[in-house]
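# Structure assessment
So the chains spell out like this:
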Amino acid sequence: MKTEQRTIKIRAMMNTNLEFTDRARGKFSQKFVDFLVDTDESFRNELMIPINNEVGLFNWAIDFIENPAEGFLVDIFCDGPNAFHKILNVVTNHFPQTEFRFYNQGPINTQAAA
């Protein structure tokens, strides 16, 4: 029986509220860390179950990369164009007021580790 590899399915990479407590060491302020966690959670709460229902549990992941003043660049990792379009539709239906640029990055095993 094949064991499915688990990965972080939805990640948000943000620039808004970016503050450091020690820039030289790359230590982020607690305000930024809290904002990042809240943003990740908001995407996950809206998207996790609908995408799991559409394309499966272990064969997809999304990286939302904030593109200031223009919305988000969205890297979608999934198995083929059919799954890519299903995920794209779920995201745009749940966040209709947000601008997205979607990129099909191939299968889940091509996603960089968290």
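What this report covers is the structure whose coordinates are included nearby. Here the structure is a predicted model, which means the values were calculated and not measured. (Residues numbered from 1 in each chain as written. Predicted model: local features only at pLDDT ≥ 70, side-chain atom pairs only at ≥ 80, totals over all residues. Heavy atoms only, no water.)

### Quick notes on helix α1 (residues 30–55)
- For α1, built from 26 residues, the straight-helix expectation of 38 Å at 1.5 Å per residue is met to within 8% by its first-to-last C-alpha distance of 35 Å.
- Along its length, α1 reaches its greatest deviation from straightness, about 40 degrees, at Leu47, and the proline Pro50 lies no more than four positions downstream.
- Within α1, the full set of buried residues consists of Phe32, Thr39, Asp40, Phe43, Leu47, Ile51, Asn52 and Val55.
- Looking at the residues trailing α1, positive phi occurs at Gly56, about 115 degrees. (Helix = DSSP H or I, 4+ residues; strand = E, 2+ residues; numbered from the N terminus. Expected span 1.5 Å × (residues − 1). Bend = angle between axes of the 7 residues up to and from the residue. Buried < 20%, exposed > 50% of the residue type's maximum accessible area, 1.4 Å probe, protein only.)

### Looking at a nonpolar patch on the surface
- A cluster of nonpolar side chains, Leu18, Phe28, Val33 and Val37, forms an exposed patch at the surface whose accessible area comes to about 310 Å².
- Looking at where Val37 falls in the secondary structure, it is placed in helix α1. (Patch = residues over 30% accessible without salt bridge, like charges linked within 9 Å, V, L, I, M, F, W, Y side chains within 5 Å. Areas by Shrake-Rupley, 256 points an atom, 1.4 Å probe, with all protein chains shown as cover. Salt bridge = Lys/Arg side-chain N within 4 Å of Asp/Glu carboxyl O.)

### Describing the pattern of salt bridges
- All chains considered together, the criterion is met by 3 salt bridges.
- Note that Asp40 and Arg44 form a salt bridge whose closest N and O atoms lie 4.0 Å from each other. Separated by 4 residues within a single helix, Asp40 and Arg44 lie in helix α1, roughly one turn from each other.

### What about the nonpolar core?
- In terms of nonpolar packing, the biggest core is built from 24 residues, with Leu47, Phe64 and Ile87 touching the most fellow members.
- Of all the secondary-structure elements, those providing two or more residues to this core are β1 (10–13), α1, β4 (60–67), β5 (71–78), α2 (80–94) and β6 (100–104).
- Take this core: its biggest share by element is 6 residues, from α2.
- Setting aside anything within four residues of it in sequence, one finds Leu47 in contact with Ile10, Phe64, Val90, Val91, His94 and Phe95. (Core = buried A, V, L, I, M, F, W, Y, C linked by side-chain atoms within 4.5 Å. Contact = heavy atoms within 4.5 Å.)

### Comments concerning the packing of aromatic side chains
- A full pass over the atoms with the stated rule returns 9 aromatic pairs.
- The interplanar angle of 5 degrees and the centroid separation of 3.9 Å between the aromatic rings of Phe43 and Phe64 together place this pair among those described as stacked. Of the two residues, Phe43 sits in helix α1 while Phe64 sits in strand β4, which places them 21 residues apart along the sequence.
- A residue is classified by how much of its surface remains accessible, and Phe64, at 0% relative accessible area, is buried.
- The interplanar angle of 85 degrees and the centroid separation of 5.4 Å between the aromatic rings of Phe43 and Phe72 together place this pair among those described as edge-to-face. In this pair, Phe43 is assigned in helix α1 and Phe72 in strand β5, connecting sequence segments 29 residues apart. Accessibility assignment for this pair places Phe43 and Phe72 in one class, buried.
- Taken together through their ring pairs, the aromatic side chains of Phe43, Phe64, Phe72, Phe95, Phe100 and Phe102 make up a single cluster. (Phe/Tyr/Trp six-rings, centres within 6.5 Å; stacked < 30°, edge-to-face > 60°.)

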